[in-house]
Structure formats: C-alpha cells, structure tokens
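Here are the chains, one letter per residue:
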Amino acid sequence: MMDRNLSAQSTTVLGLDLHSYTYLHAQSSVLSDIRLEIQPGSLTVISGHSGSGKSTLGAVLAGLLPRYDMDQLVGSVSVNGTKVEFSDSLQPRVDIAQWSKHVGLLPQEAGHYLSGIRGTVSEELVFCLENQGMPREQMHQLVTALAQRLGLEHLLDRHPQQLSGGQERLVAMAALAISEPEVLVLDEPLAGLDKQATALVSQMINLLRAQGTALVVLADSVHFWSHEADALWSLEQGTLQRLSTVDQQHQAKTSKVERQPASDDSRVLLNMASVQLAYPGAARPAVQDLDLQVRAGQCLGLAGANGSGKTTVLKAMAGLLKPTTGTLDTVGQTGLLLQNSSDQLFERTVLREVSFGIPKKSPLRKRVPEVLAQLGLEHFGDTHPYELPASARRLVALATVLVREPQILLLDEPTEALDEAGETILQEVINSVLERGGAVVLSSHDEQFMQRTADRVHVMN
Amino acid sequence: MSSNLLLPEETSSQTLRRRLMAVAGTVILVATYLTLIITQPMGIVEGLGQGVALGTFAAYLISAVLLLLAVLPDLPVSTLTLIPVALALNIILGQFVGSVMIPLYIDSIGTVIVGFLAGRRAGAATGVLSTLVWSLFAPTVLPFAAGAALVGFLAGTAARYGALRRVYLAPIAGLVAGVLVGVVSSPVATFVYGGTSGVGTGALVAAFSSMGDSLLSAVTKQALISDPGDKAVVFLVAALLVYALPKRLSGSFAFVRRYRVLGKRVSK
Amino acid sequence: MPRSNKLHPFTILAIAVAVVTMTTAASQWWLSCAVIGLCFLITGWAGHTKKLALLSGAMLLPTFLSLLLIHGLIPRVPSPAVAQWGPLRVTVHGLEVALSLGLRTAVLVVVGLLCGLLIDKHQLVAAIDLSPVPPQVGYLLAATLFLLPQMTEKQRQIGEAQTLRNAGIGTGLTGWFQRVRLRAVPLVLTSMQDAQDRAVHLSARGFPATGVRTRLREVPDTSVQRGIRWAAVICAVLGPVMILAPTWFGIN
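The model shown is predicted, which means the values in this text are computed figures rather than measured ones.

A. Quick peek at the overall build of chain A. A tally of helices and strands in chain A yields 14 helices and 19 strands. The dimensions of chain A, computed from C-alpha atoms along their principal axes, are 75 × 50 × 40 Å. Classification of the 461 residues of chain A by burial places 47% in the buried group. A fraction of 74% describes how many contacts in chain A between residues 6 or more apart in sequence connect residues 24 or more apart.

Given below as structure tokens:
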C-alpha cells in the first residue's frame, strides 16, 4: 500500500497519478486521467473555471481528500518519495496532519484555514506547532523569524478576526509556511483582492518561492502568472491539458462593451442630495455630504478603499438605511445583490429559491424560466443552491433580484466569486437592464471590470 | 526521515477507560435519581436541605462531566467543529424563537440537530457542553447538564431508529424524549433550587402543590406539562432544518449514512 | 485589560466553588448577603458593577417571584399570615423559606457571573489547554465563545437580506413560522457548511493533538496560587461536610 522509492523520483516532491475521483453520492467522476509532477521550488499554475474541479484537485494533492469511507479515488499520490496507492478495493486512511507537513493547502476562503479560536495572530501562526508540543521558547523564536522573513511583524499582535481579506490570506500563508512544507497549494490566492492587497500577497508568494517552496497555484485564469510559471495547465472536463503560450492569447480579457451612451436628459431615477448616513449606535456617520444622481440608462460605479462606505450607500439606496440628514429619492423598485449573497438563499432548490414570494398568478412567474435561462442556470432548477459552484450560486442570488425586474439594480462587489463566464453573463445582465431604461449602481474593487462597465465612477473617501 | 502518511489501525486499549467513565457517569446519575425518589428527603422544609442540594448539584454535574470526558476523544473532527455551531444555535435560535412564543424554553435545537446528524454520543456531549458554556452566562443551569445530555442522547437514538424518515415521527419522538427529560430533571429543580426559576412554571408548581402534592411531584407534574411540548416543537424544528441541508452536507456524516437516518430523502 | 489578569483562571474558579458550597451549606441569610455584597465590591474594583447588577437582576427576579408563588402562597407548615387575599395567604414561614431558597440561588448566580466577568476568555482557554483534560475541551469552549458574536452578527445580516427580498412579512402563526424558517435556515446552512469546511483544515494543523501539547500564551501562575487552589478545593468538599455534620448527628 505504501512503499519508499527514493531513487526514481528524487527530483519530484509531489507526484499524482490519478485515474478517477468520484464524490460520494455523485453519478460520475469529477477528475480523471491526471498526471502531475511537482519539482522542488517550481511554480505550477492550473487554471479552470468555477466548478471545474480545481479545488478538488488541490485538496487531493494536500491529502485532504478523499474523505475516508466516502469518496472514491483510484490512483496514487507520491509525497516526498512515499507512494500511497488508492484503488476500488483499498482506500487507505490518510493521516492528514502528517501529510500536511509536506504539502499545505491555502483554501479559497483563507479564513477557513485559521483556527478561529486564538486571540492574536502570533498564536494563530503557531497553532500547529502547539499541537505538536513544541516548547514555548522555540515557538517564540520561530514566529519572530518567520514574521521578519515575510514582513508580518505589524500584524503579530492583531486579533485574527479583525483582519482584512488580504491580511487574512497573508496570515494563513504564513501559518502554512511555519511548518516548512515542501509544497504549497494555493487555491485562488488573488481572487477578490484590491490592487494593494494583490501586490502584498503576490510579494509573499514570490518570497516563499525564493525560499525553495514549490508552489501550485489554482486560478480562474493563468493570465497573471504566465511569465513566472514553470508549467501552465488548464483543467477542463476533469482532466489536465498543458497550455502553450499560444493558448493564452485566447484567454485575454474581453474589451470594453459597446453601448449607446445614455442621453443627459433622460429621466433621473435616483437622486441623493447632501446625504448623511449613520448606523445606530455608531460614533461617527459612515457617509457624509453625498450628492449623487443616476439617470435611466446609466451605470454608476462606486470606488474607494475598504470602509469608505460603498456598501452603506448601496444599502441606503435599497431602503435598508434611512439618511440621517439630506434627501434620497428613487423612482421605481430597487433590487440589491449583497456581497455575501448566500445569506439571501434558504430554499431547497434553485427554482423554488428564485420563485420565492411571487404569487402563483403573478405575471412575474413567467419571468422565472426567462431569468434562469438568461443567467445560464436553466439546468440547475432542481439543484440545492449550496451544491452549486460558488460562481453559479452567486448568479442564483442575482436571479432572485432580477426576477422582480428592478428599475434600479444595485450590485455590491458583483464580480466576487464569479468566474470569467459568470462575469460575461453579469455584463449582459447589466446591459439588458440599461437597455430597458433602468439604471445600475455597483461597487467594485476590480478596476478593469469597473472601467469596462461603468459610465462614470464616483470615488468615496 | 519521512513519517508515515497513513493512520494506524485503531486500538482498543484506551476505549476501556472511556467505557468505564461512561458507565460510572450513568451509574452516578441513576443512583442519585433513585435515592432522591425513594428517600424523598423532606429536609427542604425543615433545614432547607442544604446537604441534599449540594449533593444533587454535585452528583448531576459530575455524572455529566464524566459522560463528556468518555465521549469527547471518540468524536471525529467534523463533529467537533459542528458542536460549537450547535451551542451557538441553541442560544441564538432559542432567543429568536422563544421571544415570540409561549412559555417553552426552546433551548436545545442545536443539541438535537447534532444528535440527529452525528449520533447519540455526540448529541449527549453537545448537551453537556452547551450547559457548561451557558453556565458562564447563567450559572444556575449547571446541574441541568445531565438533562441536556439526555436530550442529545435521545435525539440520536430517535434518529437511529428512523424518527426522521417521516416528518410526523419527529415531534412524536420529541414528546417521548420530553417525558423522560422532565422526569430526570425535576429533582434538580426541586432539591437544588426548591422550585423553578420562571414565573409561569412557578405558578403551575404552586397550583399542583396547593392540591396537596409534595414539592417533588408538583415540580415533576409541571415538567411533564412543559417538557414534552417543548421537545416536540424542538424535534420538529430541528428535523425541518436537517431536511433543508444539502445532501452533500448531511450525507457526509457517517451516522446518517450508516443508519439511513433520512430514509429516502438521501438516495443510496 | 482586566485587572484580574494576574490571577490564574483556575484560582478564581476554585475560590468561587468553595465560597458557593460553604455558603449554601451554612445557609445563613447574613452570610449570603455578605458574600453578595463582597462580590459587588470586587466588581466595583474591576469596573463591571452595572453589568453584574443587570445580569443577576434579570436572572434572579423571576426566580424570587416563582419561589414566592410556590412557598410563600402555599404554606406547608401552619404559620401566622402576613397578608391575605381571599384563599391566598402569605405566611411568615413561607416567606422565610422563599427568601432563603432565593438567597441560595442568588449566591450561585452572583458568584458565577462575577467569575465570568473577571476571567479573561483567552487565559481560561489557555489554562484548560495546558491542563490534562482532553484537547477537545479547550477548542470547544473557545470556538463557542468566538462563534457566538459572529453568528449573532450573521443573524442580523440574514435579517437584512430577507428584508430586501420582501420575505417574512406574513402575519399569524404561518407568518411567524415563515419568519422563523427564513431566519433559521440560512443561519444553519451557512454555519454548518462553514463548520464542515473548517474541520479538514483543523485536522491538517494537527488537531486534536495526540501527544503533549503546548501553548504560546503564558498563563501566569505562582506556588502561592497553587496552594490557594488546593486549599479552596479541599474547603469546597470538606467545608460543607464539617458545617452540616453536627446537624445530621443532632437530628439522627
């Protein structure tokens, strides 16, 4: 079941020879016929859209999958010269703690890697050393050295739950690095980060690589990584394909969507005049002296750093928050897609979710299949929203908003969790709302998306 | 030196000690209960029964802690991360549901969910822990730990024998569980606190006692009115919440697969 | 930083247990009142007086009322009445019983809450981790304490999200049930999915520890405190026996 084979594979720190991988209760396999070898200190990039199985692949490499007695893996994984065989008849029980000393995985949701039960970042960093029983003095030295190496000193005394998304990712990566695994698998390490955080995270990735850690990056597109990578792969229909530089040309971003500019004399749908917004009990108002006007057929972008009040403004437009001073007038119905849109989902199937609260005889009922088709969800009608890939789940939340035909569509960080196909669908949705005389207000830190989509951008400060 | 990547086969040397703890915990609980029922210490009126109060408090608490220590090391990590969620759900859903409705406690939805998904031992552990953590905010709940353990244990047992395969079976199982829990918990209310801590339940006890019942039987009768109703509602709500989970999640619990807890609701 | 940080959490707990058991055994109204008074003095020093008063009041008021109903109104022993409304009489003896039982609960509540206010969560978790109990105990306590505020916040967000969808505005029993469902289902779904996702990473980080475990956080302890703890535990067990033994032998 396991044998040492140092001579033949001494140049490979991690090898995968996978015939098939099937989840419990699944009809067909998600991955098949994948062969991958990771050399020490190399950078391997694997691209694939949301739901392509790249997270599954990452978890298999890190020993987190298959779940014992549930999923079915046929193939073998070699970790640092030790080969573990999986077959129909034999599903060994992996010691995840031992495996992760060689291969670490940074999950897409970096916060999931953090234990969530420690009071400071330093304590969070040494969580796995504490479990191994390392003496306190030694842990102190390791943390100090690691923080210095990765430039994290300023975060050590912070509370792990008060970190921003980017900082959370830095801390999780450092926590992975502290046990010095030979390979780190990073699942979407840059997704959802603004420019500054992207720079910091990719800087840490470079540092780790310079120190000899082999990296496997799973990403929506290889775009960002193509210059650095030693090997580029694309995961399609459950199997890996090597990407050449020619293929990358196809992956170039779509250009600015052509659209009739809205005329300046079209109807004003939303008007805010010297608006002040404050949360009950907060010491200072979240937003002050805001003047905004949005006309029919216009798309307004809200930009600004975290905490500048973008979400607050959107919530006020949707009527969740009343201005303390100033006036806010809207014409027609508003519909808001929240950043954390899973909070909006509660039904057992996508179809029930989207038709929730719409009376049987209402003409809006007819909209349900139309909207599902528009968002490419027509085949998921009977699926549980939580069993969909993240990108599709976000689109389901968007569908619940669209089905009510809002005059003003409000989108809070709409590109988050969307893959490229999802982003294209989002573009089309925005255009269709504008074309039928509606208006769109969106907040985003994705500058490219903002440039392509918004007619004008209001920077919050 | 590369370390072994696979887990060794499980050994049974440590399980004996845990079995002994579980047995000891159960024995203490049963013995205390029987002693109280048989002797019916009347000191509560003369000397206020301080000794009985302390003894009951200690015995119920110790048995609950023993049961917890016996069960904890056996639980898989996926159950361990579920328990804190269940504890928080007990408190949050209890507040939300309880604030609208009538004099039921509804403080065990999370415990029952864990019992349904992860089996009776996990359910019992959740019950005890829920009480221990909650006692940091409300110290009086401590001696009720054994009762809470029983709720989780019974939820797991009910799920194992098919109470979740039909919607209407869940509240019936809850009703039965409520009777048992009420009977086991009332000596605590009687001998430790000399009654109940709610005005509504207090009025019920007073009414029974004015009809000539002893304090213990009055408290037990009150518990038999409140508890079955409470547990029936809790079991029903918990069952509906479990049905709402995606199959991928509920099916990942070995207990659910092994005893076909959800019946046809999860194919295979 | 609370000022009680220099004390080991177990010291505070051990003293609290000893105080509660001995006060309960002694069952003297002046002693119970003195203990409660002392607790409030300590909170005054630590700066939580208002919180303690509010929390304990909210818990004790219904208890007192309930005990008054059970013991004060329905006397078991003939005794002169203090007041009478038709068939309901409040007797001196009934009042005494209700008050002493109430004080017994009051001591437990006030001392217990004081512990909760004085002990730093992180220190308590670290102390538990460093003690020989199974490693799961510390995790479960810590995870619950950190999850509670997070899930309460989540609950608020879900409420907001549902308002946006015009969900949960029905009236009557079905409306109530619908509202509960709309609030509870997303909360249970997200939190359980989250728990599931986290589990595998916890095992990857070597939890639960199989051998010795250590903590980076230091929990200050002294030999004096260790002595106090032992003394307190002995008092907690033997104290009540010593106090109660004379009455047992006196009666039997």
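B. Inspection of the overall build of chain C at higher detail. In terms of helices and strands, chain C carries 8 helices and 2 strands. What you see in chain C, going N to C, is helices and strands ordered as α-α-α-β-β-α-α-α-α-α. Scored against the burial criterion, the 252 residues of chain C give a buried share of 47%. Contacts in chain C between residues at least 24 apart in sequence constitute 72% of all its contacts with a sequence separation of at least 6.

C. Examining the packing of helix α2 (residues 50-71) of chain B against helix α6 (residues 145-160) of chain B more closely. Residues and elements named next belong to chain B. Running from N to C, α2 and α6 point in directions that differ by 40°, and their axes come no closer than 8 Å. Viewed along their axes, α2 and α6 adopt a mutual orientation that is oblique. Residue-level inspection shows Tyr60, Leu61, Ser63, Ala64 and Leu67 of α2 in contact with α6, the latter providing Ala145, Ala146 and Ala149. Class assignment of the residues belonging to the contact of α2 with α6 gives a composition of 7 nonpolar, 1 polar and no charged.

D. Fine view of the interface of chain B and chain C. The interface of chain B with chain C comprises 54 residues on the first partner and 58 residues on the second. Those elements giving two or more residues to the side of chain B that touches chain C turn out to be α2, α3 (77-100), α5 (120-134), α8 (199-210) and α9 (215-244) of chain B. With 17 residues, α3 of chain B is the single largest residue contributor to the side of chain B that touches chain C. Class assignment for the residues of the side of chain B that touches chain C results in 37 nonpolar, 17 polar and no charged.

E. The sheet that holds strand β8 (residues 183-187) of chain A, seen in detail. All names here are of chain A. Across the sheet, which stays open at both edges, the 6 strands sit in the order β7-β8-β9-β4-β10-β11 with mixed pairing between neighbours. The open sheet terminates on both sides in strands that have one partner only, identified here as β7 (103-106) and β11 (239-242). On average, each strand axis in the sheet is tilted by 20° relative to the strand beside it, whichever way the strands run. Where strand β4 (residues 43-47) and strand β9 (residues 214-219) come together, 5 bridges link them in parallel fashion. In the sheet register, Thr44 faces β9, and the bridge partner there is Val216.

F. Spotlight on the interface of chain C and chain A. Residue-level contacts link 38 residues of chain C with 39 residues of chain A. Elements with a contribution of two residues or more to the side of chain C that touches chain A: α6 (135-164) and α7 (172-204) of chain C. Top element by residues in the side of chain C that touches chain A is α7 of chain C. It accounts for 13 residues. Residues of the side of chain C that touches chain A, tallied by class, amount to 19 nonpolar, 11 polar and 8 charged.

G. Local environment of unusual backbone geometry. Following Leu65 of chain A, the chain continues into Pro66 of chain A via a peptide bond in cis, with omega recorded as 0°. Summarising the element assignment, Pro66 of chain A is placed in the loop between α1 (54-61) and β5 (72-79). Geometrically, the link from Phe207 of chain C to Pro208 of chain C is a cis peptide bond, its omega value of -5° lying close to zero. By the element assignment, Pro208 of chain C lies in the loop between α7 and α8 (223-251). With a phi close to 50°, Glu188 of chain A is a non-glycine residue in the positive phi region.

H. Geometry of the pairing of strand β6 (residues 82-86) of chain A. Residues and elements named next belong to chain A. The pairing of β5 with β6 spans 5 bridges and is classified as antiparallel. The residue of β6 that forms the bridge with Gly75 is Phe86. A loop of 2 residues connects β5 with β6, the two strands running antiparallel in sequence, and Asn80 in this loop sits at a positive phi of about 50°.

I. α2 of chain B, seen in detail. Taking 1.5 Å as the rise per residue, α2 of chain B with 22 residues should run 32 Å; its terminal C-alpha atoms sit 32 Å apart, in good agreement. Counting buried residues in α2 of chain B gives 18 out of 22 residues, a clear majority hidden from the surface.

J. How the structure looks around helix α13 (residues 420-435) of chain A. Residue and element names in this part refer to chain A. Taking 1.5 Å per residue as the helical rise, α13 with its 16 residues ought to reach 22 Å, and the 23 Å between its terminal C-alpha atoms agrees with that figure. Here α13 has its buried residues at Gly422, Glu423, Leu426, Val429, Ile430, Val433 and Leu434. Each buried residue of α13 lies within a common arc of 130° when the element is viewed along its axis, so the set occupies one face. Where α13 is buried, its residues contact β14 (299-303), α11 (367-374), α12 (390-402), β17 (408-412), β18 (439-443) and α14 (447-453).

K. The arrangement of the sheet that holds β17 of chain A in detail. All names here are of chain A. Here we have 5 strands laid out as an open sheet, ordered β16-β17-β18-β14-β19, and parallel in their pairing. In this open sheet, the two edge strands, each paired with only one partner strand, are β16 (334-337) and β19 (456-459). Sheet twist, expressed as the average angle between the axes of neighbouring strands with direction ignored, equals 20°.

L. Quick look at the environment of Arg205 of chain C. If you trace the backbone, Arg205 of chain C turns up in the loop between α7 and α8. Distance in space between the C-alpha atoms of Arg205 of chain C and Ser27 of chain C is 50 Å, their sequence separation being 178 residues. Every residue in contact with Arg205 of chain C, bar those within four places of it in the chain, is listed here: Ser115, Phe127, Cys128 and Asn131 of chain A.

M. Layout of the domain arrangement of chain A. Residue and element names in this part refer to chain A. Segmenting chain A into domains produces domain 1 (4-249) and domain 2 (268-459). One C-alpha centre belongs to domain 1, the other to domain 2; they are set 33 Å apart. If you look at the interface, domain 1 gives 9 residues, while domain 2 gives 12 residues. Along the lines of polarity and charge, the residues of the side of domain 1 that touches domain 2 split into no nonpolar, 6 polar and 3 charged.

N. Seen up close, the nonpolar core. Counting residues in hydrophobic clusters, the biggest one holds 299 residues, and the most contacted among them are Ala399 and Val441 of chain A together with Ile113, Val128 and Ala238 of chain B. Tallying contributions element by element places helix α4 (residues 92-118) of chain C first for this core, with 15 residues. Beyond its immediate chain neighbours, meaning those up to four positions away, Ala399 of chain A contacts Val354, Val371, Leu372, Leu375 and Leu377 of chain A.

O. Geometry of the confidence of the model for chain A. Residues and elements named next belong to chain A. With 94% of its residues at a pLDDT of 70 or more, chain A shows a mean pLDDT of 86. Between the elements of chain A, mean pLDDT differs from a low of 48, seen in strand β1 (residues 2-4), to a high of 95, seen in β8. Overall, residues 1-9 carries pLDDT values under 50, and its contacts beyond four positions in sequence, including any with other chains, amount to 17 contacts.

P. Structural detail: the environment of His122 of chain C. Within the secondary structure, His122 of chain C sits in helix α5 (residues 121-130). For His122 of chain C, a count of 20 C-beta atoms within 10 Å translates into the label buried. A sequence separation of 99 residues divides His122 of chain C from Asp221 of chain C, and the C-alpha atoms of the two residues are 15 Å apart. Among residues more than four places away in sequence, those in contact with His122 of chain C are Gly119 of chain A together with Arg217 of chain C.

Q. Fine view of the confidence of the model for chain C. In the predicted model, chain C carries a mean pLDDT of 83, and 88% of its residues have values of at least 70. In the predicted complex, the global pTM is 0.86; the interface-specific ipTM is 0.82.

R. Inspection of the environment of Thr23 of chain C at higher detail. All names here are of chain C. Here Thr23 is to be found in helix α1 (residues 9-26). Here Thr23 falls in the buried class, since 24 other C-beta atoms lie within 10 Å of it. Between the alpha carbons of Thr23 and Val107 there is a distance of 7.8 Å; along the sequence they are 84 residues apart. Filtering out sequence-adjacent residues up to four positions away, Thr23 remains in contact with Leu31, Ser32, Val35 and Val107.

About the thresholds
- Residues numbered from 1 in each chain as written.
- Chains lettered and ligands numbered in written order.
- Predicted model: local features only at pLDDT ≥ 70, side-chain atom pairs only at ≥ 80, totals over all residues.
- Helix = DSSP H or I, 4+ residues; strand = E, 2+ residues; numbered from the N terminus.
- Buried ≥ 20, exposed ≤ 12 C-beta atoms within 10 Å, placed from the backbone.
- Contact = placed C-beta atoms within 7 Å.
- Axes fitted to C-alpha atoms, helices over the stretch in contact; angles between N-to-C directions.
- Parallel < 35°, antiparallel > 145°, perpendicular 65-115°, else oblique.
- Nonpolar A, V, L, I, M, F, W, Y, C, P; charged D, E, K, R; others polar.
- Pairing = 2+ DSSP bridges.
- Expected span 1.5 Å × (residues − 1).
- Arc of directions from axis to C-beta.
- Domains from an automatic or database assignment.
- Core = buried A, V, L, I, M, F, W, Y, C linked by C-beta atoms within 7 Å.
- pLDDT = per-residue confidence, 0-100.

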